Amino acid sequence: MHPNAQRIQSILTSLGSASQIQELAASTRTAVEAASALGTTVAQIAKSLVFLSGAEPVLVIASGTNRVSQEKLAALLGHPVRRADADAVKQSTGFPIGGVAPVGHTAPLRVVIDQDLLQYPEVWAAAGTPHAVFRTTPDELVRITTGEVADVREE
């Protein structure tokens, strides 16, 4: 198992999660690729997106079918936001784009979770590489990330 995926597995276990990392031959870099590889819906992919609120990185975990509204996110955070570039994502999370896990970041991040994810019995999240994922429930995702659930979907 890739070292990033091993680290995420250890963190999940330490957080009391029974989730198991799955490494796939197919890429899970995008929500569409992940859903295809896993045989699930794109909406059940919990995609991790990093935004910058001023200089502060914020992780948004969104349903794979949703675009994040920067206006809604800015209103929630109280500051203008912009998408982080690949270098800022890697620096703030320790993971490459397409493999950003919801936990185990380089430094603690504020986490916002798209409320649309809560409607599904299970969701899939990245586990540190573009080929590693884990299945969890929305409630567990909120618990392990200490994320704030909000309406951040672009209409």
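Calculation rules
- Residues numbered from 1 in each chain as written.
- Predicted model: local features only at pLDDT ≥ 70, side-chain atom pairs only at ≥ 80, totals over all residues.
- Heavy atoms only, no water.
- Helix = DSSP H or I, 4+ residues; strand = E, 2+ residues; numbered from the N terminus.
- Rg over C-alpha atoms; globule rule 2.2 N^0.38 Å.
- Buried < 20%, exposed > 50% of the residue type's maximum accessible area, 1.4 Å probe, protein only.
- Contact = heavy atoms within 4.5 Å.
- Lys, Arg positive; Asp, Glu negative; His and termini not counted.
- Charge placed at Lys NZ, Arg CZ, Asp CG, Glu CD.
- Salt bridge = Lys/Arg side-chain N within 4 Å of Asp/Glu carboxyl O.
- Pairing = 2+ DSSP bridges.
- Arc of directions from axis to C-beta.
- Phe/Tyr/Trp six-rings, centres within 6.5 Å; stacked < 30°, edge-to-face > 60°.
- Lys NZ or Arg CZ within 6 Å of the ring centre and 35° of its normal.

(A) Highlighting the overall build of the protein chain. Scanning the protein chain from N- to C-terminus turns up 5 helices and 8 strands. Ordered by position in the sequence, the α and β elements of the protein chain form the string α-β-α-β-β-α-β-α-β-β-β-α-β. Since a compact globule built from 155 residues should have a radius of gyration of about 15 Å, the 14 Å found for the protein chain is in line with a globular shape. Taken along its principal axes, the extent of the C-alpha atoms in the protein chain is 40 × 30 × 30 Å. Burial status across the protein chain gives 52% buried among its 155 residues. Nonlocal contacts in the protein chain, meaning residues at least 24 apart in sequence, comprise 62% of its contacts between residues at least 6 apart. Placing the 12 positive and 15 negative side-chain charges of the protein chain at their respective mean positions leaves the two points 3 Å apart.

(B) Spatial organisation of the pattern of salt bridges. If you walk through the whole model with that rule in mind, you get 8 salt bridges. Connected through shared salt-bridge partners, Lys72, Asp116, Asp151, Arg153 and Glu155 make up one network.

(C) Summary view of the pairing of strand E3 (residues 56-63). Where burial is concerned, most of E3 is hidden: 6 out of the 8 residues are buried. Bridge count for strand E2 (residues 45-53) against E3 is 8 bridges, and the pairing is antiparallel. Each bridged residue has a counterpart across the sheet, and for Val50 the counterpart in E3 is Leu59. Counted between consecutive antiparallel strands, the loop separating E2 from E3 contains 2 residues, among which Gly54 sits at a positive phi close to 70°. Relative to strand E5 (residues 110-114), E3 runs parallel, the two sharing 4 bridges. Bridge pairing in E5 links Ile61 to Ile113.

(D) Layout of helix H2 (residues 31-38). Taken together, the buried positions of H2 are occupied by Ala31, Ala34, Ala35 and Leu38. The arc that holds every buried residue of H2, seen down its axis, measures 95°, which confines them to one face. In H2, those exposed residues whose orientation departs by more than 90 degrees from the buried face are Val32 and Ser36. Buried residues along H2 sit against strand E1 (21-23), E2, strand E6 (123-126) and strand E7 (132-136). Phi turns positive one or two residues past the end of H2, at Gly39, with a value near 70°.

(E) Just the packing of aromatic side chains, in detail. Summed over all chains, the structure comprises 0 aromatic pairs. Sitting over the face of the ring of Phe51, Arg83 holds its NZ or CZ atom 5.5 Å from the ring centroid.

(F) Fine view of the pairing of E2. The buried fraction of E2 amounts to 8 of the 9 residues, a majority that puts the element mostly inside the structure. Strand direction decides the pairing type here: E2 and E6, joined by 2 bridges, are parallel. Its bridge partner lying in E6, Ala46 is registered against Ala125. Note: E2 against strand E4 (residues 81-83), 3 bridges, orientation antiparallel. Following the sheet pairing, Leu52 is matched in E4 by Arg82.

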